[in-house]
Structures are given as structure tokens and as C-alpha cells.
Amino acid sequence: MRFWLAALAVVPLAFAACAQVDDPYLERVLPATYKADYFEVRACRASIDHDLAYVIVRTLPELAGQYQSGPYPLPAGSLVVKEHYSDARCTQTSGWSVMRKEGPGYDSSGGDWQWFRLDRFRRVMEEGKVRRCSSCHTACSEHDFLCGL
């Protein structure tokens, strides 16, 4: 009996060692009050990327000016939230893309941003050094990988 209990305790550790998780507290990616706390820096518009969704971009009010015109890069810990909508009036949420600025050296080829894609229920579908995100945003590297400015 002790053998099985010991084996059951080791199995989750083996699986955990295989998974790369940049942030084990993913529920903190999108603060529950972000809509009240964050400032709209880009109004509702169509996006040719992000699954052709309509989008609104938000960031903290104290970062809004820097987001729009620099100086770049944004400080570590900055969040840029792109809300995805399925309609042109931006009333039906379909998900989010979130960029979180990490410290220097996290991913220099991706501007040291960590990328997140959340579904409409705020479940993290993708996170980390997501190459399909950073490869598109590389075209905006002179603006700290912030496109659509």
C-alpha cells in the first residue's frame, strides 16, 4: 500500500517537469477589474490579424502616452490588453490577446514580451514565447513590438 501511495505522489511531479509554464499563476494574466482600471488606447476597429476579430486595445492610464508615442521600451510588468470581438460595434467578446513585458533577457527576439491568448471565458489557450505573435510584431520592433500605432 505504501508503494502505491509513494508512486501516486511522484507521478504528478514527473508530468510537471515536462510542462513549461512561464507563469504558474495564469489567473493573474488578466485582472478582473481591468476594464475599469485600464484606458482605451485604440478604439474598436477591424484587425487583419487576431483571427480577423474586431479589437479594442487597453493599458493602464499611466502607460497610455508611452504606449502611443514612446519612449520605448515599456517598463517590465506592463500589460497591453487586446480585447477581441465578433461584431463591428465591439459588443460581443470573443477572447483576448495579452502582452506582458518581462525583464531584459526573457526573449530578446520577441522584445521581452510574454504573449497570452485567452478564450471568451478567460481561459489561457496559449502563453509564453509564442512565435506566431512575436513574428508578426517584429515588424513593429521600433515601437517596442506594439503594432497599430
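Residues numbered from 1 in each chain as written. Predicted model: local features only at pLDDT ≥ 70, side-chain atom pairs only at ≥ 80, totals over all residues. Heavy atoms only, no water.

S.K.: Mind showing me how you'd approach the state of the cysteines here?
M.R.: Put plainly, two cysteines are in a disulfide when a covalent bond ties their sulfur atoms together. Under the defined criterion, the tally for this structure stands at 2 disulfides. The disulfide partner of Cys44 is Cys90, and the S-S distance across this bridge is 2.0 Å. Taking the torsion about the S-S bond as the criterion, the Cys44 to Cys90 disulfide, at about 80°, is right-handed. Of this pair, Cys44 sits in strand S1 (residues 39-46) while Cys90 sits in the loop between strand S3 (79-85) and strand S4 (93-101); the two residues are 46 residues apart in sequence, bridging distant segments of the chain. Note on cysteine connectivity: Cys140 is disulfide-linked to Cys147, with sulfurs 2.1 Å apart. (Disulfide = S-S within 2.5 Å. Helix = DSSP H or I, 4+ residues; strand = E, 2+ residues; numbered from the N terminus.)

S.K.: What am I meant to see in the environment of Tyr38 here?
M.R.: Take Tyr38: it is sitting in the loop between helix H2 (34-37) and S1. Placed 26 residues apart in sequence, Tyr38 and Ala64 show a C-alpha to C-alpha distance of 9.0 Å. Those residues in contact with Tyr38 that sit more than four places away from it in its chain are Pro31, Arg58, Thr59, Leu60, Pro61, Leu79 and Val81. (Contact = heavy atoms within 4.5 Å.)

S.K.: Even after reading the chapter, I still don't get helix H3 (residues 61-69), so can you show me in this structure?
M.R.: Counting along an α-helix, one turn takes 3.6 residues, and residues three or four places apart therefore face a common direction. The complete set of buried residues in H3 reads Leu63, Ala64, Gln66 and Tyr67. At the exit of H3 stands Gly70, carrying a positive phi of roughly 90°. (Buried < 20%, exposed > 50% of the residue type's maximum accessible area, 1.4 Å probe, protein only.)

S.K.: Explain the sheet that holds S1 to me, please; I cannot follow it from the model alone.
M.R.: Strand-to-strand pairing in sheets goes through backbone hydrogen bonds, with the strands running parallel or antiparallel. Pairing is antiparallel across the open sheet formed by 6 strands, whose spatial order is S1-S2-S3-S4-S5-S6. Edge positions in the sheet fall to S1 and strand S6 (124-128), since each has one partner strand and no second. Neighbouring strand axes in the sheet, compared pairwise and without regard to direction, differ in orientation by 15° on average. (Pairing = 2+ DSSP bridges. Axes fitted to C-alpha atoms, helices over the stretch in contact; angles between N-to-C directions.)

S.K.: How should I be thinking about the pattern of salt bridges in this particular structure?
M.R.: When charged atoms on two side chains of opposite charge get close, those side chains can pair. Counted by the stated rule, this structure contains 6 salt bridges. Salt-bridge contacts for Lys101 lead to Asp144; the nearest nitrogen and oxygen are separated by 2.6 Å. You can see Lys101 sitting in strand S4 and its partner Asp144 sitting in the segment after helix H4 (131-137), a full 43 residues away along the chain. Taken as a pair, Lys101 and Asp144 share a single burial class, namely buried. One salt bridge connects Asp119 with Arg123, and the closest N-O pair in it is separated by 2.7 Å. Asp119 gets classed as buried once you look at its relative accessible area, which sits at 13%. Taking relative accessible area as the criterion, Arg123 reaches 48% and is therefore assigned partly exposed. (Salt bridge = Lys/Arg side-chain N within 4 Å of Asp/Glu carboxyl O.)

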